[in-house]
Amino acid sequence: KKSRAFVDFCYIIFLVIRMHRENQPNEVDIGSFLKATREDLDMSQIKVMELTGINNKTLSGYENGVSQPDIQTFVVLAKLYGFSIDKLFGLNNFV
């Protein structure tokens, strides 16, 4: 069970990332990045669903910019796809 402090911390990180992204209009579109990365790995949305439990319709929403993954989902996708969340959001230059 996660502590309330951990959940609050994750939410603060999410807000910082969102504020950072709003100030960086040339940054990578998250949905396009997720789709391109998945396709580069020759994975279908169904395969991602089988490996992670993330519904393929939900994944489609992320890839098309309809919705955004929460922090826990980003971590799952980062591990599966082999990318670093801090690099994706440009946090290596931010923090």
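Criteria and thresholds
Residues numbered from 1 in each chain as written. Predicted model: local features only at pLDDT ≥ 70, side-chain atom pairs only at ≥ 80, totals over all residues. Heavy atoms only, no water. Helix = DSSP H or I, 4+ residues; strand = E, 2+ residues; numbered from the N terminus. Buried < 20%, exposed > 50% of the residue type's maximum accessible area, 1.4 Å probe, protein only. Areas by Shrake-Rupley, 256 points an atom, 1.4 Å probe, with all protein chains shown as cover. Salt bridge = Lys/Arg side-chain N within 4 Å of Asp/Glu carboxyl O. Core = buried A, V, L, I, M, F, W, Y, C linked by side-chain atoms within 4.5 Å. Contact = heavy atoms within 4.5 Å. Axes fitted to C-alpha atoms, helices over the stretch in contact; angles between N-to-C directions. Parallel < 35°, antiparallel > 145°, perpendicular 65-115°, else oblique. Left-handed = near helix turned anticlockwise from the far one by under 90°. pLDDT = per-residue confidence, 0-100.

Participant: Please explain the overall build of the protein chain as it appears in this structure.
Facilitator: A tally of helices and strands in the protein chain yields 6 helices and 0 strands. Beginning at the N terminus, the succession of helices and strands in the protein chain can be written as α-α-α-α-α-α. Across the 95 residues that make up the protein chain, the buried fraction comes to 29%. Only carbon and sulfur atoms are counted for the fraction: they give 54% of the accessible area of the protein chain, which is about 6400 Å².

Participant: Help me out: how do you make sense of the pattern of salt bridges in this one?
Facilitator: Should their charged atoms come close, side chains of opposite charge can pair. Counted according to the given criterion, the structure contains 1 salt bridge. Note that R38 is salt-bridged to E63, the shortest N-O span being 2.6 Å. With R38 in helix 2 (residues 30–40) and E63 in helix 4 (residues 56–63), this residue pair connects regions lying 25 residues apart in the sequence. Residue R38 is classed as buried on the basis of its relative accessible area, which comes to 7%. Judged by its relative accessible area of 6%, E63 is buried.

Participant: Explain the nonpolar core here, please?
Facilitator: Core analysis: the biggest nonpolar cluster contains 12 residues, these being I30, L34, M43, V48, I54, L59, Y62, F74, L77, A78, Y81 and F83. Secondary structure elements with two or more residues in this core: helix 2, helix 4 and helix 5 (71–81). For this core, the element with the highest residue contribution is helix 5, accounting for 4 residues. Contacts of V48, omitting those with residues within four sequence positions, involve R38, M43, G53, L59, L77, L80 and Y81.

Participant: Mind showing me how you'd approach unusual backbone geometry here?
Facilitator: Among all residues except glycine, the phi angle is most often negative; among peptide bonds, the trans geometry is most common. One non-glycine residue, D42, lies in the positive phi region at around 55°. Looking at where D42 falls in the secondary structure, it is placed in the loop between helix 2 and helix 3 (45–52). By relative accessible area, D42 is classed as exposed at 72%.

Participant: Would you mind showing me how to read the packing of helix 3 against helix 5 here?
Facilitator: When two helices pack together, their arrangement is given by the angle between the helix axes and the distance between those axes. Close contact between helix 3 and helix 5 brings their axes to 11 Å; oriented N to C, the two are set at 110°. By the criterion of interaxial angle, the relationship of helix 3 to helix 5 is roughly perpendicular. Where helix 3 crosses over helix 5, the handedness of that crossing is right-handed. Along its contact with helix 3, which presents V48, L51 and T52, the element helix 5 presents V76, L77, L80 and Y81.

Participant: I'm lost on the confidence of the model for the protein chain in this one. Help?
Facilitator: Overall, the prediction assigns the protein chain a mean pLDDT of 80, with 77% of residues at 70 or greater. Predicted confidence in the protein chain is weakest over helix 6 (residues 85–88), with a mean pLDDT of 70, and strongest over helix 3, with 96.

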